Amino acid sequence: MAMMIVGAASVTEQVCRSCGGSHINTFLKLGTTPLADRLPSSIDDGEEEPVFPLSVAFCGDCSLVQITETVNPRILFANAYPYYSSFSQALLRHSRDNVLDLIERRGLHSGSFVIELASNDGYLLKNYVEAGIPVLGIDPADGPAAVASEFGVPTHVAFFTRELAESLRRQGVRADVIHANNVLAHVADTNGFVAGIALLLKDDGVAVLEAPYVEPMIDHCEFDTIYHEHLCYFSVTALDKLFRRHGLYLNEIKQLSIHGGSLRLYVELQERVGVSVRDQLAHEKAQGIDAIDYYIDFSATVDKLKVDLSTLLRRLKADGASIAAYGAAAKGATLINTVGIGRDLIDFVVDRNTHKQGKYMPGQKIPIRSTEALLEAQPDYVLVLAWNFLDEIMAQQTEYRARGGKFIVPVPNPRIV
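Residues numbered from 1 in each chain as written. Predicted model: local features only at pLDDT ≥ 70, side-chain atom pairs only at ≥ 80, totals over all residues. Heavy atoms only, no water.

A. Spotlight on the overall build of the chain. On a plain count of helices and strands, the chain comes out with 14 helices and 20 strands. Whereas a compact globule of 417 residues would reach a radius of gyration of roughly 22 Å, the chain reaches 21 Å, a difference of no more than 12%. The dimensions of the chain, computed from C-alpha atoms along their principal axes, are 65 × 45 × 45 Å. Burial analysis of the chain (417 residues in total) assigns 57% to the buried set. Long-range contacts, defined here as pairs at least 24 residues apart, represent 69% of the contacts in the chain between residues at least 6 apart. When the accessible surface of the chain is split by element, carbon and sulfur atoms take 49% of a total near 16500 Å². Of the side chains in the chain, 38 bear a positive and 51 a negative charge, and the two mean positions are spaced by 1 Å. (Helix = DSSP H or I, 4+ residues; strand = E, 2+ residues; numbered from the N terminus. Rg over C-alpha atoms; globule rule 2.2 N^0.38 Å. Buried < 20%, exposed > 50% of the residue type's maximum accessible area, 1.4 Å probe, protein only. Contact = heavy atoms within 4.5 Å. Areas by Shrake-Rupley, 256 points an atom, 1.4 Å probe, with all protein chains shown as cover. Lys, Arg positive; Asp, Glu negative; His and termini not counted. Charge placed at Lys NZ, Arg CZ, Asp CG, Glu CD.)

B. Molecular detail of the pairing of strand β13 (residues 249-256). As paired strands, β13 and strand β14 (residues 262-268) are joined by seven bridges and run antiparallel to one another. In the sheet register, Leu250 faces β14, and the bridge partner there is Val267. Counted between consecutive antiparallel strands, the loop separating β13 from β14 contains five residues, among which His259 sits at a positive phi close to 60 degrees. (Pairing = 2+ DSSP bridges.)

C. Inspection of the pattern of salt bridges at higher detail. Considering all chains together, one arrives at 20 salt bridges under this definition. For Glu268, the salt bridge goes to Arg272, with nearest N and O atoms at 3.0 Å. A residue is classified by how much of its surface remains accessible, and Glu268, at 7% relative accessible area, is buried. Through salt bridges with shared partners, one network takes in Asp101, Arg105, Glu252 and Lys254. (Salt bridge = Lys/Arg side-chain N within 4 Å of Asp/Glu carboxyl O.)

D. Fine view of the packing of aromatic side chains. According to the stated counting rule, one finds six aromatic pairs in the structure shown. Aromatic pair Phe160 and Phe193: ring centres 5.3 Å apart, planes at 85 degrees, arrangement edge-to-face. Highlighted residues: Phe160 in the loop between β9 (155-157) and α5 (162-170) and Phe193 in helix α6 (residues 190-200), separated in sequence by 33 residues. With respect to burial, Phe160 and Phe193 carry one shared label: buried. Ring plane angle 85 degrees and centroid distance 5.0 Å describe the contact between Tyr294 and Tyr295, whose orientation is recorded as edge-to-face. The burial state of Tyr294 is the same as that of Tyr295; both residues are buried. (Phe/Tyr/Trp six-rings, centres within 6.5 Å; stacked < 30°, edge-to-face > 60°.)

E. Summary view of the sheet that holds β9. Spatially, the seven strands line up as an open sheet ordered β9-β8-β7-β10-β11-β14-β13, and their pairing is mixed. On the outer flanks of this sheet lie β9 and β13, each paired with one strand and no other. The sheet shows a mean angle of 15 degrees between the axes of neighbouring strands, direction not considered. The sheet contact formed by strand β7 (residues 114-117) and strand β10 (residues 175-181) spans three bridges and is parallel. In the strand pairing of β10, Ile115 is matched with Ile178. Most of the contacts of helix α2 (residues 89-106) go to strand β11 (residues 201-212), to which it runs at about 155 degrees, and overall it touches β10, β11, β13 and β14. (Axes fitted to C-alpha atoms, helices over the stretch in contact; angles between N-to-C directions.)

F. View of the environment of Ala395. Residue placement: Ala395 occurs in helix α13 (residues 390-396). According to the relative accessible area criterion, Ala395 is exposed, its value standing at 52%. Taking C-alpha positions, Ala395 is 20 Å from Asp97, a pair spaced 298 residues apart along the chain.

G. Spotlight on the packing of α5 against α6. Taken N-terminus to C-terminus, the directions of α5 and α6 make an angle of 15 degrees; their axes are 8 Å apart at the nearest point. As judged from the angle between their axes, α5 and α6 are roughly parallel. When the axes of α5 and α6 are compared, the crossing they make is left-handed. Mapping the contact onto sequence places Arg162, Ala165, Glu166, Leu168 and Arg169 in α5 and Gly192, Ala195, Gly196, Ala198, Leu199 and Leu200 in α6. Partitioned by chemical class, the residues of the contact of α5 with α6 number six nonpolar, two polar and three charged. (Parallel < 35°, antiparallel > 145°, perpendicular 65-115°, else oblique. Left-handed = near helix turned anticlockwise from the far one by under 90°. Nonpolar A, V, L, I, M, F, W, Y, C, P; charged D, E, K, R; others polar.)

H. Here's a closer look at the sheet that holds strand β15 (residues 323-326). Judged by pairing direction, the sheet is mixed, and its six strands sit side by side in the order β17-β16-β15-β18-β19-β20 without closing on themselves. The open sheet terminates on both sides in strands that have one partner only, identified here as β17 (368-369) and β20 (415-416). Packed on one face of the sheet, helix α10 (residues 298-318) meets β15, β18 (381-384), β19 (406-409) and β20 and runs near 155 degrees to β19.

I. Here's a closer look at the confidence of the model for the chain. Looking at the chain, the pLDDT average stands at 93 and 95% of residues meet or exceed 70. Note on residues 1-7: pLDDT under 50 across the span, and 18 contacts to partners over four residues away in sequence or across chains. (pLDDT = per-residue confidence, 0-100.)

J. Examining the packing of helix α8 (residues 236-244) against helix α9 (residues 275-287) more closely. α9 packs onto α8 with a crossing angle of 125 degrees between their chain directions and a minimal axis gap of 9 Å. Of the possible angle classes, the one that applies to α8 and α9 is oblique. Listed contacts from α9 to Val236, Thr237 and Asp240 of α8 are Val277, Gln280, Leu281 and Glu284. Class assignment of the residues belonging to the contact of α8 with α9 gives a composition of three nonpolar, two polar and two charged.

K. How the structure looks around the nonpolar core. Counting residues in each nonpolar core, the largest one holds 117 residues, and the members touching the most others are Ile115, Ile197, Phe223, Ile226, Phe243 and Leu383. Residues within four places of Ile115 in sequence aside, it is in contact with Leu136, Ile138, Val173, Ala175, Val177, Ile178, His179 and Leu200. Membership of the second largest hydrophobic core comes to 18 residues, among which are Leu108, Ile133, Val135 and Val153. (Core = buried A, V, L, I, M, F, W, Y, C linked by side-chain atoms within 4.5 Å.)

L. Layout of α8. With seven of nine residues buried, α8 is to be regarded as a mostly interior element. The complete set of buried residues in α8 reads Val236, Thr237, Ala238, Leu239, Asp240, Leu242 and Phe243. Those residues of α8 hidden inside the fold are in contact with α6, β11, β13, β14 and α9.

Dropping the structure here:
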């Protein structure tokens, strides 16, 4: 793979991450931005935050949408990684429902074995543990892995690679179910990761993956879901080609509303492609999702949203309103840095994740506080950075709303609710 070195921390890809093709067409440039989950611990710690180019391209050979910069994963994920899945009740319910469905559908029992790749703090696997089903989590972040252990989820602290899969298989490890939620898009070695899944699946096993879907990202202008951890933005067309390259078959899909629109993928070593996959492939062909023309206008749409949101916030501020934000999420970091939303507009950000509280948003250095700060300060408006959990957030903040507080939802069009 040809690539150009950009310092020691990242590389700029010149060919497709999936198929190695050279027909890469950049259709969105978001400038240089800081790392979305690297939260400064002080407003001025004397060190400049690292920034990297953030551009998005389409592969004309396999239809994969991808960013062109690869930041060293040890910088992204293994250094005090602050994301802990269990702080979202909606995600916990979503994950438990998934597990209970699989236990019933696959007839899983105490003799079965389940692996999760990027198992984080054990948020999903603990449901199998409660059912008496043996599990193994694999995750590179030692903080979340330690929490998983407290839940009784044995966790191997490492990046999942083909080499690790080969080592585990030599030890006789193979799984009835492999989970990989919102991780395939984060992996620099896309092919090695998928090859590793093929190695660890039992012959009749299933890999159940979840990934944000590129269609709602484009159609709903969810440009803030683009950041350096998210290397790929998948269509079913691109996924089908990727899996088949490694002897795997995408046999079933479910469309989910979570994270602004996602796919749950059921992947097996046996080919039995169902109607859900065939229909979605036909839909993508009809919509042109497998061609560059579908993406060409996205940049102009993003520019308009950025101007509209900035104008709204500045008008409210000029009218004397106070504004806070909810969700020190990675998507929030992209939004505030690409739109230029700083401390002149936003007083503070709140988040339920105690590991983020007391720190600052990347780039703009907006302080992160606990959610109780909304009632303490009672800002007039709250910009919802974690809009993918809007319903959960609004349900949590009934008292804030009863006092007259309002929410600003930034995508697909800025609006006050």
